[in-house]
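# Summary of the model geometry
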Amino acid sequence: MPSFSERHGYKEVRTIIQREDLDEDTRRELWNFLAVLPGEFAKFYGDETEDIALELLWVWHFEEDRDERPTNHHIWRRIKDAVYQDEWNEVFDLVEALNKHWQRNETYDSGRLRAAFVEALNECFESNLVGYRLINMEITPVDSNAEAEAITGALSDSDVVAGARHSLDRAVELLADRTTPDYPNSIKESISAVEAIVKKITGEGTLGAGLKKLEAAGLTIHPALRGAWSQMYGWTSDDNGIRHAGIEAANADQALAKYMLVTCSAFVSYLVVEGNKVGLL
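The shown structure was predicted, so the numbers you read here are calculated from the model rather than taken from an experiment. (Residues numbered from 1 in each chain as written. Predicted model: local features only at pLDDT ≥ 70, side-chain atom pairs only at ≥ 80, totals over all residues. Heavy atoms only, no water.)

### Examining the overall build of the protein chain
Helix and strand counts for the protein chain stand at 13 helices and two strands. Every one of the 281 residues in the protein chain was classed for burial, and the buried ones make up 42%. A separation threshold of at least 6 residues defines the contact pool for the protein chain, and within that pool the share at least 24 residues apart is 60%. (Helix = DSSP H or I, 4+ residues; strand = E, 2+ residues; numbered from the N terminus. Buried < 20%, exposed > 50% of the residue type's maximum accessible area, 1.4 Å probe, protein only. Contact = heavy atoms within 4.5 Å.)

### A few points about the nonpolar core
By size, the foremost hydrophobic cluster in this structure holds 39 residues, and its most contacted members are Ile151, Ile191, Val194, Ile197, Trp229 and Val268. Among the elements of the structure, helix 8 (145–157), helix 9 (162–176), helix 10 (183–202), helix 11 (207–217), helix 12 (223–237) and helix 13 (254–277) are those that each provide at least two residues to this core. Residues within four places of Ile151 in sequence aside, it is in contact with Ile135, Val142, Val172, Leu261, Val262 and Ser265. (Core = buried A, V, L, I, M, F, W, Y, C linked by side-chain atoms within 4.5 Å.)

### Some remarks on the pattern of salt bridges
Per the counting criterion, the structure on display carries 15 salt bridges. For Glu24, the salt bridge is made with Arg28, and the minimal N-O distance between the two is 3.0 Å. Taken together, the residues Glu24 and Arg28, both in helix 2 (residues 24–34) and four residues apart, mark about one turn of the helix. According to the relative accessible area criterion, Glu24 is exposed, its value standing at 54%. Connected via shared salt-bridge partners are Arg19, Asp143 and Lys258. (Salt bridge = Lys/Arg side-chain N within 4 Å of Asp/Glu carboxyl O.)

### Quick look at a negative patch on the surface
On the surface, a cluster of negative charge is contributed by Glu119, Glu123, Glu126 and Glu149. When residues of the negative patch are assigned to their parent elements, the largest contribution, three residues, is made by helix 7 (residues 111–127). As for its position among the elements, Glu123 is in helix 7. (Patch = residues over 30% accessible without salt bridge, like charges linked within 9 Å, V, L, I, M, F, W, Y side chains within 5 Å. Areas by Shrake-Rupley, 256 points an atom, 1.4 Å probe, with all protein chains shown as cover. Lys, Arg positive; Asp, Glu negative; His and termini not counted. Charge placed at Lys NZ, Arg CZ, Asp CG, Glu CD.)

### Focus: the side chain of Ser158
By the element assignment, Ser158 lies in the loop between helix 8 and helix 9. Excluding its chain neighbours within four sequence positions, the residues that come into contact with Ser158 are Ala164, Arg165, Leu168 and Val268.

### Some points on the packing of helix 12 against helix 13
Contact pair helix 12 / helix 13: the axes reach a minimum separation of 13 Å and the direction vectors enclose 140°. Relative to helix 13, the element helix 12 is oriented oblique. At the point where helix 12 passes helix 13, the crossing takes the left-handed sense. For the pair helix 12 and helix 13, the contacting residues are Leu225, Trp229, Met232 and Trp235 in the first and Leu256, Tyr259, Met260, Thr263, Cys264, Phe267 and Tyr270 in the second. Grouping the amino acids of the contact of helix 12 with helix 13 by side-chain chemistry returns 10 nonpolar, one polar and no charged. (Axes fitted to C-alpha atoms, helices over the stretch in contact; angles between N-to-C directions. Parallel < 35°, antiparallel > 145°, perpendicular 65-115°, else oblique. Left-handed = near helix turned anticlockwise from the far one by under 90°. Nonpolar A, V, L, I, M, F, W, Y, C, P; charged D, E, K, R; others polar.)

### Regarding the side chain of Arg27
Topologically, Arg27 is positioned in helix 2. One buried charged residue, Arg27, forms no salt bridge at all, with the nearest opposite charge on Asp21 at 4.9 Å. There is a polar contact of 2.9 Å between the side chain of Arg27 and the backbone oxygen of Asp86. Once residues lying within four places of it in the same chain are set aside, the contact partners of Arg27 are Leu22, Ala82, Val83, Tyr84, Gln85, Asp86, Glu87, Trp88 and Val91. (Polar contact = N/O pair within 3.5 Å; in protein donor to acceptor, adjacent residues only side chain to side chain.)

### Section: the packing of helix 2 against helix 5 (residues 72–85)
To describe two helices that pack against each other, one gives the angle between their axes and the distance between the axes. At a closest axis distance of 9 Å, the pairing of helix 2 and helix 5 adopts a crossing angle of 160°. The angle between helix 2 and helix 5 falls in the class roughly antiparallel. The way helix 2 lies across helix 5 gives a crossing that is right-handed. Listed contacts from helix 5 to Arg27, Arg28, Leu30, Trp31 and Leu34 of helix 2 are Trp76, Ile79, Lys80, Ala82, Val83, Tyr84 and Gln85. Across the contact of helix 2 with helix 5, the residue classes break down as eight nonpolar, one polar and three charged.

### Points about the confidence of the model for the protein chain
Across the protein chain, the average pLDDT comes to 86, with 88% of residues at 70 or higher. Per-residue pLDDT, averaged within each element of the protein chain, yields its smallest value for helix 1 (residues 4–7) (64) and its largest for helix 5 (97). (pLDDT = per-residue confidence, 0-100.)

### Some remarks on helix 7
Counted at 1.5 Å a residue, the expected span for helix 7 with its 17 residues is 24 Å, and the 25 Å between its end C-alpha atoms agrees. Of all the residues in helix 7, the buried ones are Gly111, Leu113, Arg114, Phe117, Val118, Leu121, Asn122, Cys124 and Phe125. Elements that come into contact with the buried residues of helix 7 comprise helix 2, helix 3 (37–45), helix 6 (88–104), strand 1 (133–135) and helix 8. Just beyond helix 7, the residue with positive phi is Leu129, at close to 55°. (Expected span 1.5 Å × (residues − 1).)

### Comments concerning the packing of aromatic side chains
A complete count under the given rule lists 10 aromatic pairs for this structure. On the basis of an interplanar angle of 35° and a centroid distance of 5.9 Å, the ring pair of Trp88 and Tyr132 is categorised as tilted. Here Trp88, found in helix 6, pairs with Tyr132, found in the loop between helix 7 and strand 1; they are 44 residues apart in sequence, far enough to count as distant. When its relative accessible area of 7% is taken as the criterion, Tyr132 is described as buried. Measuring from centroid to centroid gives 5.1 Å for Trp102 and Phe117, while their planes differ by 70°, and the two rings are edge-to-face. Residue Trp102 is located in helix 6, and its partner Phe117 is located in helix 7; the two are separated by 15 residues in the primary sequence. Above the face of the Phe62 ring, Arg78 is positioned so that its terminal group lies 4.5 Å from the ring centre. (Phe/Tyr/Trp six-rings, centres within 6.5 Å; stacked < 30°, edge-to-face > 60°. Lys NZ or Arg CZ within 6 Å of the ring centre and 35° of its normal.)

Here is the structure:
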């Protein structure tokens, strides 16, 4: 929500999504958010999980000698310096690394702290108009929490079909790669996730054929929705479609890959929920 000064023109309102930069306010808020973690680690885990996560961060992310590992306090200070001084993409690398090393050493019961961490981080990104969200251990170019929740929900829902979960994982990974993103193959994987769910329900080998058999299999879907997805599949599968490498990488850009990931994720969740209702999944 804009402040008084922003609403009345005394302070400029940020209107540009931060995609290849992090401004000073965002870095400060991010650090203030990270700065509470030492106390939260102690509360939820004791010292062991923090010790292991920070040691892995010291060795594998900062690429320092294990036998020269300083105290946890000094590692947190190193993290603070990185948040304020490193390039924006390196800050994201750091946040991903911390989250991954932490996840490897947490217990099931204490996973709620990391879930709260992800939620708070994404709220920080949203409030500062950062064009990314942390999804499935990857910082991914998604602009809103609603989109992030659609993808995260689909990742959870698709656990019932291993092929669908694998395809969504790969779609996120290919989209989130900040060095060599592969947008065409991210789109293919997003579509493949839907195809895997439909195949599980109908037994048909392709999405096009499976969509026509959903109702016969026991899952009622509105004809307009089924038709829209048939056209979507036709677009990806014709001679110039992305499934046949007809769309060049230059045309399959980040915006299109993100749209397909969010749209396919929402449809995956819809199919899983409806399939569960009638006992098909």
